[in-house]
Amino acid sequence: MIKTAIALRLLLSRNKSHSQSYDFDIIDSYEKIAINSNADIRKATVTNAFSGKKRSSMVTITLIVESMGFTMSDFGQLYCNISNEEITEFQEKHFK
């Protein structure tokens, strides 16, 4: 769950940095992800996936990733490269 949250946050971070550089609308918030999804995803569902506190279904993760304009391959590459140190740091920062 934590690795998923970290990977999703890294993708969102990429979009946020691009949204400052381009004029067109880029998905750079939980609300925009929910609105842009091809299914009815609630903003709370998106927030839960990014928090790492609740388990998200693969369908939900796929919808979120695709809503941000990325592929599951992009997600998978980030997911596989997350270190134990990053996981520990995330836990210390978000689960106090």
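Use the structure listed above.
Residues numbered from 1 in each chain as written. Predicted model: local features only at pLDDT ≥ 70, side-chain atom pairs only at ≥ 80, totals over all residues. Heavy atoms only, no water.

**Some words on the overall build of the protein chain**
So, point 1. A tally of helices and strands in the protein chain yields six helices and zero strands.
So, point 2. Radius of gyration (C-alpha) of the protein chain: 13 Å, near the 12 Å computed for a compact globule of 96 residues.
So, point 3. Going through the 96 residues of the protein chain one by one, you find that 35% of them count as buried.
So, point 4. In the protein chain, the proportion of contacts linking residues at least 24 apart, taken out of those at least 6 apart, comes to 60%.
So, point 5. For the protein chain, the exposed surface amounts to about 6100 Å²; the carbon and sulfur share of it is 48%.
So, point 6. Averaging the coordinates of the 12 positive side-chain charges in the protein chain and doing the same for the 11 negative ones gives two points 8 Å apart. (Helix = DSSP H or I, 4+ residues; strand = E, 2+ residues; numbered from the N terminus. Rg over C-alpha atoms; globule rule 2.2 N^0.38 Å. Buried < 20%, exposed > 50% of the residue type's maximum accessible area, 1.4 Å probe, protein only. Contact = heavy atoms within 4.5 Å. Areas by Shrake-Rupley, 256 points an atom, 1.4 Å probe, with all protein chains shown as cover. Lys, Arg positive; Asp, Glu negative; His and termini not counted. Charge placed at Lys NZ, Arg CZ, Asp CG, Glu CD.)

**Digging into the packing of aromatic side chains**
So, point 1. Within the structure shown, the criterion is met by three aromatic pairs.
So, point 2. Pairing Tyr30 with Phe50 gives two aromatic rings, centres 4.6 Å apart and planes at 40 degrees, and the pair type is tilted. A residue pair is termed long-range when its members are at least 10 positions apart, and Tyr30 in helix H2 (residues 30–36) and Phe50 in helix H3 (residues 43–51) qualify at 20 residues.
So, point 3. Considering the side-chain rings of Phe90 and Phe95, the 6.1 Å spacing of their centres and the 75 degrees angle between planes classify their relative orientation as edge-to-face.
So, point 4. The class of Phe90 is buried, set by a relative accessible area of 6%.
So, point 5. On the accessibility criterion, Phe95 (33% relative accessible area) is partly exposed.
So, point 6. Residue placement shows Lys3 over the ring face of Tyr79; its charged tip is 4.6 Å from the ring centre. (Phe/Tyr/Trp six-rings, centres within 6.5 Å; stacked < 30°, edge-to-face > 60°. Lys NZ or Arg CZ within 6 Å of the ring centre and 35° of its normal.)

**A short note on the side chain of Asn15**
So, point 1. Within the element layout of this structure, Asn15 appears in helix H1 (residues 2–19).
So, point 2. At 2.9 Å, the side chain of Asn15 and the backbone oxygen of Met68 are in polar contact.
So, point 3. The contact partners of Asn15, leaving out residues within four places of it in the chain, are Ile26, Ile27, Asp28, Met68 and Phe70. (Polar contact = N/O pair within 3.5 Å; in protein donor to acceptor, adjacent residues only side chain to side chain.)

**Digging into a negative patch on the surface**
So, point 1. Together, Glu85, Glu86, Glu89 and Glu92 give the surface a local cluster of negative charge.
So, point 2. As for its position among the elements, Glu86 is in helix H6 (residues 84–94).
So, point 3. Of the residues examined, Glu86 reaches a relative accessible area of 33% and is grouped as partly exposed. (Patch = residues over 30% accessible without salt bridge, like charges linked within 9 Å, V, L, I, M, F, W, Y side chains within 5 Å. Salt bridge = Lys/Arg side-chain N within 4 Å of Asp/Glu carboxyl O.)

These figures come from the coordinates and say nothing about function on their own.
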